[in-house]
Amino acid sequence: MRRLLLLRHAKTETDAPSGRDQDRRLDDRGRRDAAQLGDWIATHPPFPETVLVSHAVRARQTWDIAWEAMKDRVAAPQVEILPELYGADPAQILETIRTATVPADPKQLLLIGHNPGMHEVALMLTGGGDPAAAKALADNLPTAGLAIFDFDVKDWADVAYRRGKLVQFVSPKLLR
């Protein structure tokens, strides 16, 4: 069994001072939401063993703030910053998931990235699971939205579209 957590970065400023999209930072709500999601993850095992994060500032900030909220309660995961997650389409995200074996072979994997790719891959991975979660996820993966999937596979390389069981969908709005 493998557990995949897909987390979209939290809410950001409209424009970065540099003018570059990848430099956009979290706004106040985004920082609160990232901390709230970190707290939620820390109270809902199993916990990610490996975290793969887009190199965009907002994705890295989302992880840093979430980790700050959970670090005293969970074992430290291996964290990798992956430029290829920035702007990734579903096929690229699936390939990242399928190759998430180096150097460790995690049973629980967290990806932090961006829409539209994260939302699209979440929809494409869903092959069953919680109907209410699927309905909530159908329209959007909002900022700081988290989709949790279980895959009945022995290896990440066997993860495929429509093979995931959507276990839960969480967002700051749903946690309020």
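What comes next concerns the included structure.

## Focus: the overall build of the protein
Phase 1 of the analysis: On a plain count of helices and strands, the protein comes out with 6 helices and 7 strands.
Phase 2 of the analysis: Shown N-terminal to C-terminal, the secondary structure of the protein runs as helices and strands in the order β-α-β-α-β-α-β-α-β-α-β-β-α.
Phase 3 of the analysis: In terms of overall size, the protein behaves like a compact globule, its C-alpha atoms giving a radius of gyration of 15 Å where 176 residues would be expected to give roughly 16 Å.
Phase 4 of the analysis: Expressed along its principal axes, the backbone C-alpha trace of the protein runs to roughly 45 × 35 × 35 Å.
Phase 5 of the analysis: In the protein, once contacts between residues fewer than 6 apart in sequence are set aside, the share between residues at least 24 apart is 76%.

## Here we look at the pairing of strand β7 (residues 164-170)
Phase 1 of the analysis: Sheet analysis places strand β5 (residues 126-129) next to β7, joined by 3 bridges and oriented parallel. Each bridged residue has a counterpart across the sheet, and for G129 the counterpart in β7 is L166.
Phase 2 of the analysis: Examined bridge by bridge, strand β6 (residues 146-151) and β7 share 5 bridges and lie antiparallel to one another. Across the sheet, A147 pairs through a bridge with F169, a residue of β7.

## Comments concerning the side chain of H114
Phase 1 of the analysis: By the element assignment, H114 lies in the loop between β4 (108-113) and α4 (117-125).
Phase 2 of the analysis: Taking relative accessible area as the criterion, H114 reaches 5% and is therefore assigned buried.
Phase 3 of the analysis: A polar side-chain atom of H114 sits 2.7 Å from a polar atom in the side chain of S54.
Phase 4 of the analysis: In contact with H114, other than residues within four places in its own chain, are H9, S54, A56, R58, A59, L85, Y86 and G87.

## Section: the packing of helix α1 (residues 28-42) against helix α2 (residues 57-70)
How two helices pack is summed up by the angle between their axes together with the distance between the axes.
Phase 1 of the analysis: At a closest axis distance of 7 Å, the pairing of α1 and α2 adopts a crossing angle of 45°. By the criterion of interaxial angle, the relationship of α1 to α2 is oblique. Relative to α2, α1 is oriented so that their crossing is right-handed. Taken together, the residues of α2 that come into contact with α1 (itself represented by R31, A34, A35, G38, D39, I41 and A42) are T62, I65, A66, A69 and M70.
Phase 2 of the analysis: Grouping the constituent residues of the contact of α1 with α2 by class yields 8 nonpolar, 2 polar and 2 charged.

What counts and what doesn't
Residues numbered from 1 in each chain as written. Predicted model: local features only at pLDDT ≥ 70, side-chain atom pairs only at ≥ 80, totals over all residues. Heavy atoms only, no water. Helix = DSSP H or I, 4+ residues; strand = E, 2+ residues; numbered from the N terminus. Rg over C-alpha atoms; globule rule 2.2 N^0.38 Å. Contact = heavy atoms within 4.5 Å. Pairing = 2+ DSSP bridges. Buried < 20%, exposed > 50% of the residue type's maximum accessible area, 1.4 Å probe, protein only. Polar contact = N/O pair within 3.5 Å; in protein donor to acceptor, adjacent residues only side chain to side chain. Axes fitted to C-alpha atoms, helices over the stretch in contact; angles between N-to-C directions. Parallel < 35°, antiparallel > 145°, perpendicular 65-115°, else oblique. Left-handed = near helix turned anticlockwise from the far one by under 90°. Nonpolar A, V, L, I, M, F, W, Y, C, P; charged D, E, K, R; others polar.

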